[in-house]
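Below, each chain spelled out in residue letters.
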Amino acid sequence: MFKREEGEDDRPARPVDWIAAMAAVMAPVGIVVSLLSDIGYGAATYGKLVGLRESSSQVLGLCMLLGLFCYIFDITRCGLPKFVKVVIGTALLYAFLAAMVSMSFKYPSSPIIISLAHVPFLLGCCRKRLSWGVGVKQYYELVFGVCVAVCLATLSLWASWVGMEFFGGTNMWVEETQVVLGAKLADVYGTHDVNYTLCNYRSWDALDLDTRIERLSDCKNGNLTLYLTWGSPLVASLSIGVCAIFCRLRILYIPDATAEGEARVERAKSAVQMVVMLFALLVMTLWLSASIAGASMSLSDTILGFSFAIFTVVILWAALTLDFSALGGDRSRVVKNIRSVSSQSWFLGAMIIPVFFPLLMFFALSSITQMARLCTGRAQGHTRWMTPVGSAVWDSLARRNWGKVLPWVCRWALLYFVMSVGVAKLTFIFLSWLNGELEELSFGLVAVVFFLVGFSMFLIPVVPGIPVYVTGGIMLGARGQSEPSLGFGFGVAMGVLCSYALKLAAVWTQQVVIGGMLGSHVTVRRFVGVDKVAVRAMEQILLEPGLTRAKVGILCGGPDWPTSVMTGILGLSPSQMLLGTTPCIILVVPCVLSGAFMLKQAEGGAWVPLIGVMAMVASFSQASAGLYAFYSFQKVANENYDALAAPRPEHRDVEELAAKMKVQEQTYDDVTEWEHIPLLPKLILAISAGVMMASCFLSAMAGSMCWRPFDLGPASESTSKSKVEDPIELGGLDGSALNIVQPLGWVLVAMFTVGSVTWWLFNVWAGRATHRRLKEIQPGVAA
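The numbers attached to residues start from 1 for each chain and follow its sequence in the written order. With pLDDT at 70 or above as the cut-off, local features in this predicted model cover only qualifying residues; side-chain atom pairs require 80 or more to be listed or tallied, and sums for whole chains, interfaces and linings still use all residues. Hydrogens and water are ignored here; the side-chain numbers use all heavy atoms of the structure.

J.: What should I look at first to understand the overall build of the chain in this one?
T.: When helices and strands are tallied, the chain shows 32 helices and zero strands. Whether a residue is buried, partly exposed or exposed follows from its accessible area with a 1.4 Å probe, protein chains only, as a fraction of its type maximum: under 20%, in between, or over 50%, in that order. Considering the chain as a whole, with its 783 residues, one finds that 46% of them fall into the buried category. With the model as given, the accessible surface of the chain reaches about 37,600 Å², and the carbon-plus-sulfur share is 68%. Put simply, DSSP H or I for four residues or longer makes a helix, DSSP E for two residues or longer makes a strand, and each gets a number counted from the N terminus. Under the convention used here, a 1.4 Å probe and the Shrake-Rupley method define accessible areas, while residue burial counts only the protein chains that appear.

J.: What am I meant to see in the nonpolar core here?
T.: What tends to happen in soluble globular proteins is that the nonpolar side chains get buried as a cluster. Throughout this description, the term nonpolar core refers to a set of buried Ala, Val, Leu, Ile, Met, Phe, Trp, Tyr and Cys residues connected via side-chain atoms within 4.5 Å. Ranked by internal contacts, the top residues of the largest apolar core, which has 53 residues, are V25, L123, L185 and I240. Contributions of two or more residues to this core are made by α1 (15–35), α2 (42–50), α5 (110–129), α6 (136–163), α8 (186–190), α9 (196–199) and α10 (209–253). Ranked by size, the runner-up nonpolar core spans 40 residues in total, among them I352, I353, V421 and L698.

J.: Looking at this structure, how should I read the packing of aromatic side chains?
T.: Between two aromatic rings, the relevant description is the distance of the centres plus the angle of the planes. Under the pairing criterion, centres of Phe, Tyr and Trp rings, with the six-membered ring standing for Trp, must be within 6.5 Å; the plane angle then separates stacked pairs below 30 degrees from edge-to-face pairs above 60, leaving the rest tilted. Applying the stated criterion across every chain, the model contains 15 aromatic pairs. When the centroid spacing of 5.2 Å and the interplanar angle of 80° are considered together, the rings of F356 and F357 count as edge-to-face. With centroids separated by 6.1 Å and ring planes inclined at 45°, the aromatic side chains of F458 and Y469 adopt a geometry described as tilted. With F458 in helix α18 (residues 443–458) and Y469 in helix α19 (residues 466–482), this residue pair connects regions lying 11 residues apart in the sequence. Judged by relative accessible area, which is 1%, Y469 ranks as buried. Members of the aromatic cluster, joined through ring pairs, are F362, F363, W385 and W394. Look at NZ for Lys and CZ for Arg. If either is within 6 Å of the ring centre and within 35 degrees of the ring normal, a charge sits over the ring. The cationic tip of R248 hangs over the ring face of F144; the distance from NZ or CZ to the ring centre is 5.4 Å. A cation over an aromatic ring shows up here: R411 above the ring of W408, its NZ or CZ 4.7 Å from the ring centre.

J.: Looking at this structure, how should I read the packing of helix α23 (residues 549–557) against helix α25 (residues 574–581)?
T.: Two measures define how a pair of helices packs: the angle their axes make with one another and the distance between the axes. Axis definition: a line fitted to C-alpha atoms, limited for helices to the stretch in contact. Angles are taken between N-to-C directions and run from 0 to 180 degrees. Viewed as axis vectors pointing N to C, α23 and α25 meet at an angle of 85°, and their least axial separation amounts to 8 Å. Relative to α25, the element α23 is oriented roughly perpendicular. Residue-level inspection shows K551, V552, L555 and C556 of α23 in contact with α25, the latter providing Q576, M577, G580 and T581. Side-chain classes follow a simple rule in which Ala, Val, Leu, Ile, Met, Phe, Trp, Tyr, Cys and Pro form the nonpolar group, Asp, Glu, Lys and Arg form the charged group, and the remainder, Gly included, forms the polar group. Among the residues making up the contact of α23 with α25, the classes are represented as four nonpolar, three polar and one charged. For classification purposes, angles smaller than 35 degrees are called roughly parallel, those larger than 145 roughly antiparallel, those between 65 and 115 roughly perpendicular, and all remaining angles oblique. In this description, contact between two residues means that some pair of their heavy atoms is separated by no more than 4.5 Å.

J.: Hey, could you run me through the side chain of S695 in this one?
T.: For S695, the position within the fold is in helix α30 (residues 679–701). Contacts described as polar in this section are N or O atom pairs within 3.5 Å, which, within protein, must combine one atom able to donate a hydrogen with one able to accept it, while residues neighboring in sequence count only if both atoms come from side chains. Here M692 takes part through its backbone oxygen, which lies 2.6 Å from a polar atom of the side chain of S695. Discounting residues that sit within four places of it in the chain, S695 has contacts with L748, M751 and F752.

J.: Help me understand a nonpolar patch on the surface in this model?
T.: Put simply, a patch holds well-exposed residues, over 30% relative accessible area, that have no salt bridge, with like charges counted together within 9 Å and Val, Leu, Ile, Met, Phe, Trp or Tyr side chains within 5 Å. Think of a salt bridge as a Lys or Arg side-chain nitrogen and an Asp or Glu carboxyl oxygen that are within 4 Å of each other. On the surface, a nonpolar cluster with roughly 330 Å² of combined accessible area is contributed by L441, L445, V448 and L452. Residue placement: L441 occurs in the loop between α17 (402–437) and α18. Among the residues examined, L441 registers a relative accessible area of 32% and is labelled partly exposed.

J.: It is not clear to me how the pattern of salt bridges should be interpreted in this structure. Could you clarify?
T.: Should the charged atoms of two oppositely charged side chains come close, the side chains can pair. Counted by the stated rule, this structure contains nine salt bridges. We note a salt bridge from R14 to D17, for which the minimum N-O separation is 3.2 Å. With a relative accessible area of 32%, R14 lands in the partly exposed category. Its relative accessible area of 0% is what places D17 among the buried residues. Among the ionic pairs, R384 bridges to D395, the shortest N-O distance being 2.7 Å. Of this pair, R384 sits in the loop between α15 (345–376) and α16 (388–398) while D395 sits in helix α16; the two residues are 11 residues apart in sequence, bridging distant segments of the chain.

J.: It is not clear to me how the packing of helix α20 (residues 488–519) against helix α24 (residues 560–569) should be interpreted in this structure. Could you clarify?
T.: Running from N to C, α20 and α24 point in directions that differ by 50°, and their axes come no closer than 7 Å. Between α20 and α24, the interaxial angle falls into the category oblique. For α20 against α24, the interelement crossing comes out right-handed. For the pair formed by α20 and α24, the contact residues are K503, V507, Q510, Q511, I514, G515, G516, L518 and G519 on the first element and D560, W561, S564, V565, T567, G568 and I569 on the second. For any helix crossing, the convention is left-handed if the near helix is rotated counterclockwise from the far helix by under a right angle, and right-handed if that rotation is clockwise.

J.: I tried to follow the environment of H676 on my own but got confused; where do I start?
T.: By secondary structure assignment, the location of H676 is in the loop between α29 (652–671) and α30. When sequence neighbours within four positions are dropped, the list of residues in contact with H676 reads D670 and V671. Polar side-chain contacts of H676 include one of 2.9 Å to the backbone oxygen of D670.

J.: Please clarify how the confidence of the model for the chain should be interpreted in this entry.
T.: Predicted coordinates in areas of low pLDDT are best not read in detail. Note: pLDDT gives the predictor's confidence per residue, expressed from 0 to 100. Within the chain, residue pLDDT values average 80, and 81% of them lie at 70 or more. Segment residues 1–8: pLDDT under 50, and 11 contacts once partners within four positions in sequence are set aside and those in other chains are kept.

J.: Just to check I follow, could you spell out the environment of V179 for this structure?
T.: Considering the arrangement of structural elements, one finds V179 in helix α7 (residues 175–184). With relative accessibility at 39%, the residue V179 sits in the partly exposed group. C-alpha of V179 to C-alpha of T197: the two residues are 18 residues apart in sequence and 7.7 Å apart in space.

Written out as C-alpha cells, the structure is:
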C-alpha cells in the first residue's frame, strides 16, 4: 500500500501520522471508558457478558484446539494464499479473545487487559503501514506525546467524574456509590446466587466463621468487578502512562543520525541497551512488590503481575525490533559487554526461571508438530524428533554448562522466596503485631520504640525501608489520633520526621560501621568486585560532589542495606553519601501517609483510594530513581570502560588474592562441568533446580491460593489488638502467624525445602570433589 522510497526513512511526522497514532491509543482507551466503566455503560456491558458464560468455556476450548491443529499441521506451509492465511489466523485469534472476554464472570479484568493490549498492536500497524517513513526517534517522540496527552485526559476525566458535581453527583468510593453500582451489577453477583447487599462485609457481623468464608468466596469476583467498573479509567490512564515512559526511555537510547550503515548498527545497539534497561526494571518491580505489600497487598500483586507483563512485552518487542545481523561484525564496547553478560551463568540462571515452563510447552508442541510432519511426508528431510526451530533451541541449550547455570537458578529462586515470603509476609506480620503491643503506651515512648525497632530492621540485609515507613505512619498516626492534645496531623508529621531520621541514621551506620568493617577484609572486597568495571562505574558516579541525579538515583533508588554497605566497603565520604540520600524524603512521605490513611479507611470517602495512591507514588518514586541510576551507570561504564578496567594500586591486594584463588576456582569449574558430574550429583542438582523453579512459578501464578492477604492496616475488630488477631475473612490471621499459609502454601514450602536440601547436598559433593582434585594436583596443599 505504501511503498518505501530510498532515503525516505528519517522524515518528520506529518499530521496524518499524529492523527493515526492518536486514534490507535484513544480507541482502546475509549472502549474501556465507555463500555467497561461506570462513566459509560460498564455495568450493562458486564451484565451482557455474564449472559454468555454458558458457552464461553466451549468456545475457548474449541479455539485452543483449532489453534493447536493449525500449528501442528502447519497451516503456514499449506498452499493457501497469504491473504487467506492471515484471515484464518486473525479469525482464530479474535475468537479466542472474544471467548476470554465472555469469561469476565470468572476473570473480570480480562476485557480491560485485552482492550488495552491493542494499543501497542495498533501503534505497530500504524508504523508498518502508514508512518514507515518517519524517523525512529521522531516516531517514538510522536507516540510519547500522544500517550502523555491521552493519559492526562483520561485521568482528568475520571478525577472529574469521581469528585465533581456536574456528572450528576460525585462518585467517590463511598457506601452510597457502591450500593448504586452494586445494584447495576446484579447479574454479575447473580452468577454465584448473591447480591451486593449480601456481599457487603459490613453486614457480616452476625455470621459464623464458615458462612463468612463461603460468602467471601461467592462474592470475590462480583466485588472485583464492582471495583474495576469504578476504577477502570484509572487503570487505562496508568497503562498509557507506562507506554509513555517506555517511549521516553527508548528515546534516551536512540543515537543521533549518522551514516546509513552506522545508523543501522547504532539503532541495534541502542535496542539491546533498552532490553537490558527493561530487564533491570523487571528485577526492580520484583523488589518493589515485596517492599510495598504491607501498604497495599492488592497493589503488590498488581506490581508483581506487572513485572511478568513487562517480561512478556520485552520478549515480544525484542523479537520484533532487535536486528542481530547488524551487530554481527560490530566490535564496540557496548556489544562486547552485552555478549559477555549474556553468556554469564548468573544471567542465564535468572532468565531460565520465567521461561522454563513455557519452554517445556514449546518443546512438546515442537515434537508433536515434527511427528505430524514425518507422518504426512512434510518433514523436508529433517528427521530429528523436533522441528528445525525446536532443534536449534535445544542444541543451543545443550551447549550450556548446566553445572554452573543450575546452581544460579537455585540462588535466584532462594532470593525470590526470601523476598516474597520473608520480606513480604513475615516482616509485615511482625510489624503489625508490634503495633498492637504498643497500643497502650504514650506517644513519646512509642516514637522511641519505633525508632529502635526500625533501626534494628534496617540492619537486616533483606528488609527494605518501605514497610518500616508505613509502620511509622500507622503507629505514630494512631497515637496522635488517640491523644486529643496532639492530633492525627501531629502524629503523621512525627511519623515522617522519625522515619526520615531513621533512614539517615541507618545509612550512616550501614556505611561507617558495617561497610567499614567489611571493607577491611580483602576477601569481602574481592567478593563484591571492587576491581570490576561495574562497581568502579558506580563509584565514579558516587564520587561526584553535591547532589547529582545519578548519585541520588543510586542512593535513593537502590536497595537500602546493600547500597549503603557498598559505599562503606568502597571507603566513600559518609557526609557526601548522607547528602546524596537527603532527597529520600520524597519516598518517605508517601509511605508514611499510606500507613496513616489506613487508620481512616473505616470512615470511607477518599481515604481508601488514597492508601493505594500513596503506595503507588512511593513505588513510582523509587522505580524512577533506580531506573535513572541504571541508565547513568550504563552510560558511565560504556563510555569509560578502558579507564575503569585499568589496574589500580589500591586494588593490588584484591588482584593478588584472585591470583592465589585461581587454581581453586578453575578446579571447581572443572569439577562442576556438566559432562564431568557423576549421574547421582547431576540428578540431585536437576531435582533441586526443577523443584525450586516450580515453587517460584507456583508462588507467582497462584499466590492468592498459597498465602492469605495481609497488610499493615489497623485492627478491624474492636476486640483485636492488631490485624494479626482479626478474623481471617476481615484480612486478619485469627491470632496465629501460621494462618497466612493456606494448604497449597504448605505444599510450596515443602517443595522449596526439598529444593534447598538437595541444593545443599550438591554443594557438599562439589566442595569435597574439589578438595580431592586439589590434593591430586597439589599434594599436601589444603583446598
